[in-house]
Amino acid sequence: MKLDGKRLSALFPAAVVAEEAQPALLLDELYPEERAQIARAVDKRRAEYATVRVLARKAIRRLGVAAAPIVNGEDRSPAWPEGVVGSITHTKGYCGVVAAKSSDVRSLGADVEGAEAAREEIWKHICTETEHAWITGLAEDDRGQVVKRIFSAKEAFYKAQYPLTRQYLGFHDVEMQLDLDGGHFEVQLQRDSGEFATGARFEGRVVVGDGLVISALTIE
Ligand SMILES: CC(C)(COP(=O)(O)OP(=O)(O)OC[C@H]1O[C@@H](n2cnc3c(N)ncnc32)[C@H](O)[C@@H]1OP(=O)(O)O)[C@@H](O)C(=O)NCCC(=O)NCCS
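Just so it is clear, the model here is predicted, and its values are computed rather than measured. (Residues numbered from 1 in each chain as written. Predicted model: local features only at pLDDT ≥ 70, side-chain atom pairs only at ≥ 80, totals over all residues. Heavy atoms only, no water.)

An ideal rise of 1.5 Å per residue puts 38 Å on 26 residues; helix α6 (residues 140-165) measures up with 37 Å between its terminal C-alpha atoms. Downstream of α6 by a residue or two, Arg 166 has a phi angle that is positive, lying close to 55°. (Helix = DSSP H or I, 4+ residues; strand = E, 2+ residues; numbered from the N terminus. Expected span 1.5 Å × (residues − 1).)

Structure representation (structure tokens):
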């Protein structure tokens, strides 16, 4: 699998830069306040945390912005440097970051998951009743994989909306429409969230390849 950021950046507008890499224990690259956040973490977590920060600084430099620490708040959301918006994701063997100038886009959400099917026990936690009814109409072999795409797309939306609203949203607080062939999705809010009212719609992309589900959502 080639990790050059192109697959990720292809799902976002041109103003967005993307970086990808395999996780590595790049602890020397961290600022002291970042290192402090993972002092008691296991190596897997430290590697993911450090790698995405190295990638984020690469992306930020490409935007012409000076490198700075990216520390997570108590709500676990990352604080991006002034003038930058971004999103971070990691899964087994994969780290990815997207970033853009806040003068170009308002917020970004990226999510990458292993492409294996979601277990049937969790379908109802992820899907609304309407989504679940749609899933059960699909070919049996496809259902779990489609639920995984819904899961990832909802997480990408969550990461994009959170910096603007500071609101927690559950999986049933949004409803998706997924175009399985084109890889586009539309998510519709089922409750108010900050500036966004019930019924607000947002568009994103979700693609599957190289064993990964990759989701992207931009709020412009
Ligand atoms: C925050 C969350 C979306 C992260 O997704 P995940 O698949 O567990 O993990 P990922 O590797 O893709 O993303 C982790 C990164 O997300 C970022 N993140 C965490 N909380 C965030 C938030 N509230 N907003 C934006 N980004 C956030 C962090 O940078 C984190 O990486 P880091 O800790 O190394 O800095 C997930 O843990 C969560 O809390 N989900 C519940 C809410 C939800 O998804 N609702 C769906 C319906 S809208």
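Moving on, we get to the side chain of Thr 218. Within the element layout of this structure, Thr 218 appears in strand β8 (residues 212-219). Among the residues examined, Thr 218 registers a relative accessible area of 16% and is labelled buried. (Buried < 20%, exposed > 50% of the residue type's maximum accessible area, 1.4 Å probe, protein only.)

Further remarks concern the environment of Asp 192. Secondary-structure assignment places Asp 192 in the loop between β6 (184-189) and β7 (201-209). Judged by its relative accessible area of 48%, Asp 192 falls in the partly exposed class. When the C-alpha positions of Asp 192 and Gln 167 are compared, they lie 9.5 Å apart, and in sequence the two are 25 residues distant. Of the polar contacts made by the side chain of Asp 192, one reaches the side chain of Thr 198; its length is 2.7 Å. (Polar contact = N/O pair within 3.5 Å; in protein donor to acceptor, adjacent residues only side chain to side chain.)

It is worth spelling out the nonpolar core at this point. Soluble globular proteins: nonpolar side chains tend toward being buried together. Ranked by internal contacts, the top residues of the largest apolar core, which has 27 residues, are Ile 135, Ile 150, Phe 157, Phe 185, Val 187, Phe 202 and Leu 217. When contributions to this core are tallied by element, the ones reaching two or more residues are α4 (123-126), α6, β5 (174-179), β6, β7 and β8. With seven residues, α6 is the largest single contributor of residues to this core. Once you skip the residues sitting within four places of it in the chain, Phe 157 turns out to touch Leu 169, Val 174, Val 187, Leu 189, Phe 202 and Leu 217. One finds Phe 12, Val 85, Tyr 94 and Ile 214 within the second-largest nonpolar core, a separate group that totals 16 residues. (Core = buried A, V, L, I, M, F, W, Y, C linked by side-chain atoms within 4.5 Å. Contact = heavy atoms within 4.5 Å.)

For the chain, the domain assignment lists domain 1 (6-105) and domain 2 (111-219). Each partner contributes to the interface: domain 1 provides 15 residues, whereas domain 2 provides 17 residues. Taken together, both faces of the contact between domain 1 and domain 2 bury some 1300 Å²; the carbon and sulfur share is 60%. The tally of links from domain 1 across to domain 2 stands at two salt bridges. In this structure, Arg 166 engages Asp 75 in a salt bridge whose closest nitrogen and oxygen atoms are separated by 3.3 Å. Connecting domain 1 to domain 2 are six residue pairs in polar contact (both at pLDDT 80 or more). Listed by contribution, the elements that provide at least two residues to the side of domain 1 that touches domain 2 are α1 (6-9) and β2 (84-91). The biggest single contributor to the side of domain 1 that touches domain 2 is β2, with five residues. (Domains from an automatic or database assignment. Buried area = accessible area lost by both parts, 1.4 Å probe. Salt bridge = Lys/Arg side-chain N within 4 Å of Asp/Glu carboxyl O.)

A few words on the pattern of salt bridges. Overall, the coordinates contain 14 salt bridges when judged by the stated rule. With its nearest N and O atoms 3.4 Å apart, the salt bridge here joins Lys 44 to Glu 48. Of this pair, Lys 44 and Glu 48 are both found in helix α3 (residues 43-62), four residues apart, which corresponds to roughly one turn of the helix. Residue classification places Lys 44 among the exposed residues on the basis of a relative accessible area of 56%. Between Glu 186 and Arg 201 there is a salt bridge whose closest N-O contact spans 2.6 Å. Here Glu 186, found in strand β6, pairs with Arg 201, found in strand β7; they are 15 residues apart in sequence, far enough to count as distant.

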